[in-house]
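Fold and geometry: a report
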Amino acid sequence: MIKTWELEPNFKYEIMKEPGGEHLTSCFQCSTCTLGCPLTEIVPGYNPRKIIQMSLLGMRNEVLSNPDLWVCLICQTCTARCPQDVRIADLLGAIRRIAEREEEAGKLKIDSVRPRFDKAFMHQLEKYGRLYDFGLAKEYYTGREGSFFKGMMAMSKDYKAFGMRLFKKGKMGPKALFPEKVKDREVMKKIFEQMGAGKK
Amino acid sequence: MSERKYAYYPGCPSGTTAMEQDMSMKAVFEKLGIELEEVEDWNCCGASEVEDPEIVYALNARNLAIAEKQGLNIVTPCSICYYNLSRSNKALKGNEELRARVRSIDDSLAYNGGVEVKHVLDVLVNDIGIEALKQKVEKKVEAKVAPYYGCYIGRPPETAFDDPDAPGLMDRLVELVGAEVVPYNYTKTKCCGGPLMMTRQDIAFEMARKVLEGAKNAGADCIALACPLCGMMLDAKQPDIEEAFGIEIGMPVLYITQLLGLALGIDSGKLGLNKNIVDTKDIIGKVV
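The structure contained in this document is the topic of the report that follows. Here the structure is a predicted model, which is why all the values come from computation and not from measurement. (Residues numbered from 1 in each chain as written. Chains lettered and ligands numbered in written order. Predicted model: local features only at pLDDT ≥ 70, side-chain atom pairs only at ≥ 80, totals over all residues. Heavy atoms only, no water.)

As for the overall build of chain A
How we decide: Strands here mean DSSP runs of E at least two residues long; helices mean DSSP runs of H or I at least four residues long; both are numbered from the N terminus. Each residue's exposure class comes from its accessible area (1.4 Å probe, protein chains only) as a fraction of the maximum for that residue type: buried when under 20%, exposed when over 50%, partly exposed otherwise. Note on definitions: a residue-residue contact is assigned when non-hydrogen atoms from the two residues lie within 4.5 Å. Throughout, the Shrake-Rupley method with a 1.4 Å probe supplies accessible areas, and for residues the shown protein chains are the sole cover considered. Counting rule for charge: Lys and Arg are taken as positive, Asp and Glu as negative, and neither His nor the chain ends is counted. Charge positions are represented by NZ for Lys, CZ for Arg, CG for Asp and CD for Glu.
Across its full length, chain A holds 11 helices and zero strands. Dimensions of chain A, computed from C-alpha atoms along their principal axes, come out at roughly 55 × 40 × 35 Å. A total of 200 residues make up chain A; the buried ones form 48% of that total. The long-range fraction of contacts in chain A, counting pairs at least 24 apart against all pairs at least 6 apart in sequence, stands at 59%. For chain A, the accessible area works out to roughly 10,100 Å², and carbon and sulfur atoms hold 55% of it. Each charge class in chain A was averaged separately, 35 positive and 25 negative side chains, and the resulting centres sit 6 Å apart.

Some details on the state of the cysteines
Quick note on the threshold: Two cysteine sulfur atoms make up a disulfide if the distance between them is within 2.5 Å.
In this structure the tally under the stated criterion is zero disulfides over all chains. The thiol of A:C33 is unpaired, and the distance to the nearest cysteine sulfur, on A:C27, comes to 6.4 Å. Cysteine B:C12 remains unbridged, with the sulfur of B:C44 as its closest cysteine sulfur at 3.9 Å. Relative accessible area serves as the criterion here: at 17%, B:C12 is assigned to the buried category.

Points about helix α5 (residues 120-134) of chain B
All names here are of chain B. Put simply, the test is: Multiplying 1.5 Å by the helix residue count minus one yields the expected span of that helix. Two axes enter the bend calculation: one fitted to the seven residues ending at the residue in question, the other to the seven starting there, and the bend is the angle between them.
Over its 15 residues, α5 runs only 17 Å from end to end, short of the ideal 21 Å by more than 12%, given 1.5 Å per residue. In α5, a bend of some 85° at I128 exceeds every other bend along the element. Counted residue by residue, α5 has 12 buried out of 15 residues, so it is predominantly covered. Every buried residue belonging to α5 is among V120, L121, D122, V123, L124, V125, D127, I128, G129, I130, A132 and L133, and all of these are buried. In the core, the buried residues of α5 are packed alongside β1 (5-8), α1 (19-32), β3 (74-76), β4 (117-119), α6 (169-176) and α10 (256-263).

A short note on the packing of aromatic side chains
Spelled out, the test is: To pair, rings of Phe, Tyr and Trp, with the six-membered ring standing in for Trp, must have centres within 6.5 Å; the planes then decide the type, stacked if under 30 degrees apart, edge-to-face if over 60, and tilted in the middle. Either the NZ atom of lysine or the CZ atom of arginine qualifies as a charge over a ring when it sits within 6 Å of the ring centre and within 35 degrees of the ring normal.
The full count for this structure, using the stated rule, is seven aromatic pairs over all chains. Between the aromatic rings of A:Y159 and A:F162, the centroid separation amounts to 5.3 Å while the plane-to-plane angle is 85°, which identifies the pairing as edge-to-face. Of this pair, A:Y159 and A:F162 both sit in helix α9 (residues 148-168), three residues apart, which is roughly one turn of that helix. Exposure class is identical for A:Y159 and A:F162. Each is buried. Summarising the aromatic geometry, the rings of B:Y9 and B:W42 are spaced 5.3 Å apart at their centres and angled 65° between planes, so their arrangement reads as edge-to-face. Of this pair, B:Y9 sits in the loop between β1 and α1 while B:W42 sits in the loop between β2 (35-38) and α2 (53-70), placing them 33 residues apart in sequence. Three or more aromatic residues joined by ring pairs make a cluster, and in this case those are A:F117, A:Y140 and A:Y141. Lying across the ring of B:Y186, B:K190 places its NZ or CZ 4.3 Å from the centre. Over the ring of A:F162 we find B:K237; its NZ or CZ atom is 4.5 Å from the centre of that ring.

A short note on the pattern of salt bridges
Residues and elements named next belong to chain B. Keep this limit in mind: Here, a salt bridge means any side-chain nitrogen of Lys or Arg that lies within 4 Å of a carboxyl oxygen of Asp or Glu.
The tally for this structure, following the rule as stated, stands at 33 salt bridges over all chains. K26 serves as the salt-bridge partner of D22, at 3.1 Å between the closest nitrogen and oxygen. Separated by four residues within a single helix, D22 and K26 lie in helix α1, roughly one turn from each other. For K26, a relative accessible area of 39% gives the class partly exposed. A salt bridge links E131 to K134, with the shortest nitrogen-to-oxygen separation between them at 3.4 Å. Note that E131 and K134 are positioned in helix α5 at a spacing of three residues, about one turn of the helix.

Description of the layout of surface pockets
Quick reminder of the rule: Only protein atoms enter the 1 Å grid, on which a cavity is a set of points fitting a 1.4 Å probe that cannot get out and a pocket is an open set with protein on both sides within 12 Å along at least 5 of 7 lines, lining residues being those with an atom within 4 Å of a point. Grid points are joined across faces, edges and corners, and a volume is the space filled by probe spheres set on the points. Just so you know the grouping, Ala, Val, Leu, Ile, Met, Phe, Trp, Tyr, Cys and Pro go in nonpolar, Asp, Glu, Lys and Arg go in charged, and all remaining residues, Gly too, go in polar.
The computed volume of the largest pocket comes to approximately 1,000 Å³. Along its surface, the largest pocket is lined by 48 residues, and A:L131, A:D133, A:L136, B:T17 and B:M232 are the ones closest to its centre. It is α9(A) that provides the largest number of residues to the lining of the largest pocket, a total of nine residues. Residue composition of the lining of the largest pocket, grouped by class: 33 nonpolar, eight polar and seven charged.

So, in C-alpha cells, the structure goes:
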C-alpha cells in the first residue's frame with residue numbers, strides 16, 4: 001500500500017545523481033525489463049519494473065529495504081531490451097549504493113550478505129590491485145559468521161570439495177595461495193579513496 | 001589478418017581457476033603467428049563487485065594507459081573484463097572532464113583515448129577472420145557443441161559486439177572446427193548465475209543448472225564458452241550442482257580457444273585440456 005504522507009518526492013533525484021541512475025525518469029512502465037528477466041523464473045514476485053515505479057513515486061524506505069535489490073545478476077538483459085534506455089541494471093546498482101550508504105550511516109539494515117561480499121572484494125583490489133581469492137573468502141566468511149573460526153568452518157563446508165577438485169587439477173598453486181600484487185599499489189588505494197559518488 | 005600484435009589482458013582467474021583459458025589463448029595466438037604482449041602490471045577490471053562506475057573507470061584508466069604506452073590494442077578472453085575495459089574506454093574517450101579527474105588522482109591514470117578494447121571472440125572472427133583461420137585448420141573436432149555466450153557479448157548495447165538474442169560469433173568458430181552446433185537458443189544467452197555464487201548460491205545453482213541441462217537436452221557432447229566466471233560455474237561447480245539437485249549432468253565445458261586449438265592441431269596438454277574439471281577426454285577423442 002502506498003502511504004502518500006510518507007512519500008519522498010526527491011528520491012528520484014537522489015537516484016539520478018548517482019552514477020548509473022541518470023535515466024530513471026525515462027521509464028514509462030512497459031514491464032519489458034521484468035518480462036525478460038531470468039530471475040523472475042526463480043525468485044517469486046521479482047519485479048524490477050515495480051522497483052522503478054516505487055522509486056519514481058518516492059517510496060524511499062520500501063525501495064532501499066527491498067531484499068530483491070540484492071539478487072540482480074547484472075546480466076544486462078533488461079538494459080538490452082528496454083525501449084526507453086533506462087539502463088535498469090546500472091540503475092539498480094545506483095540504488096544499491098544509496099542503500100549501502102544508508103546502512104553505513106546506521107539508518108538501514110540490509111537483509112543481504114552481498115554488500116559485505118562486494119566490500120571484501122574491493123578491499124582485495126585496494127590492497128593488491130588484483131583479486132586474491134583466499135583473502136576475499138577469509139574476510140567475507142569471517143565477517144559474515146562473526147568470528148574467524150566460525151568463518152573458516154562455513155568456508156570449509158561450502159568450499160572443501162571445490163578446493164580439492166581445483167587442487168587435483170593443479171589449480172591451487174602459488175598464484176592461488178598467495179596474493180598477486182601489482183607493483184604500483186599506492187594508486188589502487190588512491191582510486192578507492194578519491195573516486196566514487198560523493199567524492200567529487 | 002589486420003594486426004600481428006595485441007596487448008593481452010588475462011584477468012584475475014588466469015593463473016588459478018581459468019588457467020586453461022590462459023594457456024589455450026596463448027597457444028592459439030602463437031599458432032596463428034599473432035603476438036600477445038601482456039598489459040604490463042595490469043590491475044583488476046573491477047569485475048561485477050565494484051559497482052560504482054566511476055571507480056571502474058579509474059581502475060581501467062590505468063590498464064588503458066599502460067596499453068596506450070605499449071602502443072597496442074587490448075584483447076581479453078574474459079567477458080566481464082571486456083565489459084569493464086570497454087565501457088571505461090568509451091566513457092573516458094567521450095568525456096574530457098572525466099579523463100582530467102582520473103588523471104588528477106595519479107599520473108599513471110593519464111589516458112589519451114588511443115586504445116581499442118576487444119573480446120577474443122571478436123578478434124578471432126572479425127579481426128583475423130574465418131577465412132584466414134580456415135587456412136590454419138589441420139584437424140576436425142567431430143563433436144556436438146552447445147555454444148554458450150552468457151552476458152556481455154550481446155549486451156548491454158553500448159559495448160555489445162554480437163546480436164543480443166541470436167549471437168553467432170562462437171557458432172561460426174564451432175562450425176569452423178568441424179563440429180556440429182546443437183539447437184540451443186533458449187539458454188545460450190542466459191546468465192550462468194556466477195555473480196551470485198558467494199551470496200545466493202541457491203539462485204546461482206538454479207541458473208547454472210538451466211544452462212547445463214539446456215545443453216544436455218539439446219544433445220551436446222560439450223559446452224563451449226568464453227568467460228572464466230561462466231567456466232567456474234558450469235565446469236568447476238558442476239559436481240556441486242549435480243549434488244545439490246541430485247542429478248547427473250557430466251557435461252564437459254571447454255573454452256572456445258581450447259576447441260579451436262584442437263582444430264589447429266595444438267597438443268591437448270598445451271591447451272590445458274587436463275585442467276578442466278569435467279573430463280575432456282571424450283572430446284579429445286573426437287579429434288580426427
